[in-house]
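One letter stands for each residue in the lines below.
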Amino acid sequence: MIINSEDNLEIYELLSLPNRGGRFHQYYPLGTYKDKILLMDNETQKRAIYKLIKE
Amino acid sequence: MDWQVGPYYLRKCCYELFAPQFMQAFDDTLVFWYHNTIFVKLPHKLPKRMCKMPIQYDEGMELVRQGNLYALRNGYKIFISQGLNGPWKVVFSNPASTGIRHSMVWTRNEKEEDELLFSEYTTSWGRHHIYSYNVQHDYLDTLQTFYSQAEHDSLGLEPFARHTHVMMRDPYSGYIFIGNGDGNDGSSAIYYSKDNCRSLIRIGAFEQCYRTLSFFFTEKSVFWNNDATGSTDEPQYICRLSKVNLPDCNQVASPITKFPLVHAAHWVTEELKLGDNGRVICMSTNGEVYRGGGVTIAFAHTE
């Protein structure tokens, strides 16, 4: 879903994750490699690698 | 888990079974941490174990490289090593001082000596500094001081900050950009430096749109996210400043373009590469109570 687009910037909201009502960054990026991003769930400390896909 | 429909999406491809603790890419080379050990993965080759390096605090970890020199921010310490096998030498240690995500920049001085510049984030509301560490001379210097909120309020000292959030280098201009927070009293401010932090020029301050956690860069523009929180109920933007409008002296505000965001404050900028063209920048959202959590991608076209 494009939520804003102008000139040279497009912003997509890609992934909605459960909101637990925390104050701070629940999904913290711990690094990227090409089209992959390592995210850490701040509350559970679990990590998962996500791949960016273009349809 | 709900997915937003769009031309791009994120697909979970690895969870828990093999989830590294941290990873950092340098071109095609992937450096990652697993069981507190550093591994290097080259294309089409198996990962190679380098050395043990227990992670102290993975939020705020950063690994930056210049040639064969590596600098690692791990907890409240900064390590430097020739290569990834170590030995890792501690060049800075302060239990009150960490980074968030982007807080270190490699430079070379006029004598072609390697200098690591780094900022600090503290929760003590004390002074914040920008330091340089000269590798060849094993010399730590303080380049800039941001006075504390109390020093500003009682003595009027400038510049001041509650936190230094981010320091990044624009790969196109070589300029260094610094973002401070948190209030509308001047502590939230964005600075840049043309001379490796020997002097700073303020781009803007006194508004939440100058309170940022990370930058990203294209050839002609600098972008930054906002760190305004739900508690202040400020609108959220990604801001853009054309580099032709970078000021030559301190400014209260610069001519920026604001791109509204629908969710809460954004956290750290990460760069994803999708194919050979374009750059994709990912910023994870804060999980504000009233606004929901998620992951947002800002896609900056090639200009």
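Here the structure is a predicted model, which means the values were calculated and not measured. (Residues numbered from 1 in each chain as written. Chains lettered and ligands numbered in written order. Predicted model: local features only at pLDDT ≥ 70, side-chain atom pairs only at ≥ 80, totals over all residues. Heavy atoms only, no water.)

This next bit is on the overall build of chain B. The number of helices and strands found in chain B is one helix and 25 strands. Of all 303 residues assigned to chain B, the portion counted as buried reaches 59%. Taking the contacts inside chain B whose residues are at least 6 apart along the sequence as the reference set, 41% of them involve residues at least 24 apart. (Helix = DSSP H or I, 4+ residues; strand = E, 2+ residues; numbered from the N terminus. Buried < 20%, exposed > 50% of the residue type's maximum accessible area, 1.4 Å probe, protein only. Contact = heavy atoms within 4.5 Å.)

What follows deals with the nonpolar core. Among the nonpolar cores identified, the biggest contains 32 residues, and Val31(B), Trp33(B), Ile38(B), Leu63(B), Leu72(B), Leu84(B) and Trp88(B) are the most heavily contacted of them. Secondary structure elements with two or more residues in this core: strand S3 (27-33) and strand S4 (36-41) of chain A together with strand S3 (22-26), strand S4 (29-34), strand S5 (37-41), strand S6 (48-52), strand S8 (69-74) and strand S23 (266-272) of chain B. It is S4(B) that contributes the most residues to this core, four residues altogether. In this structure Leu63(B) touches Phe22(B), Gln24(B), Phe26(B), Val31(B), Trp33(B), Tyr70(B), Ala71(B), Leu72(B), Leu84(B) and Trp88(B), once residues within four positions along its chain are discounted. By size, the runner-up hydrophobic cluster in this structure holds 18 residues, among which are Val166(B), Tyr192(B), Leu246(B) and Ile256(B). (Core = buried A, V, L, I, M, F, W, Y, C linked by side-chain atoms within 4.5 Å.)

Let us now look at the layout of surface pockets. Approximately 1200 Å³ is the volume attributed to the largest pocket. Lining the largest pocket are 35 residues, and of these Gln24(B), Ala25(B), Phe26(B), His102(B) and Glu271(B) sit closest to its centre. Put simply, the parts of the chain that give the lining of the largest pocket at least two residues each are S3 of chain A together with S3, strand S7 (62-66), strand S11 (104-108), strand S15 (163-169), strand S19 (215-217), S23 and strand S24 (279-285) of chain B. Across the lining of the largest pocket, the residue classes break down as 16 nonpolar, seven polar and 12 charged. (1 Å grid on protein atoms, 1.4 Å probe; cavity = no way out; pocket = protein on both sides within 12 Å on 5 of 7 lines; lining within 4 Å. Points joined across faces, edges and corners; volume = space filled by probe spheres on them. Nonpolar A, V, L, I, M, F, W, Y, C, P; charged D, E, K, R; others polar.)

Attention now moves to the sheet that holds strand S5 (residues 47-54) of chain A. Reading across the sheet, the four strands line up as S3(A)-S4(A)-S5(A)-S2(B) and stay open at both edges, with antiparallel pairing between neighbours. Each edge of the sheet is formed by a strand with only one pairing partner; in this case those strands are S3 of chain A together with strand S2 (8-15) of chain B. Across the sheet, the mean angle from the axis of one strand to that of its neighbour is 30°, orientation sign disregarded. Strand direction decides the pairing type here: S5(A) and S2(B), joined by seven bridges, are antiparallel. Residue pairing across strands places Ala48(A) opposite Tyr15(B), the latter belonging to S2(B). (Pairing = 2+ DSSP bridges. Axes fitted to C-alpha atoms, helices over the stretch in contact; angles between N-to-C directions.)

This next bit is on the pairing of S4(A). All names here are of chain A. Of all six residues that make up S4, five are buried, and the element is covered over most of its length. Looking at chain direction, S3 and S4 are connected through five bridges and run antiparallel. The partner of Pro29 across the bridge, within S4, is Leu39. Between S3 and S4, which pair antiparallel and follow one another directly, the connecting turn spans two residues, one of which, Lys34, has a positive phi of 55°. Summarising the sheet, S4 and S5 pair through five bridges and their orientation is antiparallel.

Per-residue pLDDT for chain B averages 88, and the proportion of residues at 70 or more is 88%. Scored as a whole, the predicted complex attains pTM 0.92, and scored at its interfaces, ipTM 0.86. (pLDDT = per-residue confidence, 0-100.)

Turning to the pattern of salt bridges, a few remarks are in order. Any two side chains of opposite charge can pair, so long as their charged atoms come close to each other. All names here are of chain B. Applying the stated criterion to the full structure yields 12 salt bridges over all chains. When the shortest N-O distance is used, the salt bridge between Arg108 and Asp114 registers 3.3 Å. Taking the relative accessible area as the measure of exposure, Arg108 reaches 40% and is therefore partly exposed. Residue class for Asp114 comes out buried when judged on its relative accessible area of 9%. For Arg162, the salt bridge goes to Asp182, with nearest N and O atoms at 3.5 Å. Taken together, the residues Arg162 in the loop between helix H1 (149-155) and S15 and Asp182 in the loop between strand S16 (176-181) and strand S17 (189-193) connect sequence positions 20 residues apart. The class for Arg162 is partly exposed, based on a relative accessible area of 28%. (Salt bridge = Lys/Arg side-chain N within 4 Å of Asp/Glu carboxyl O.)

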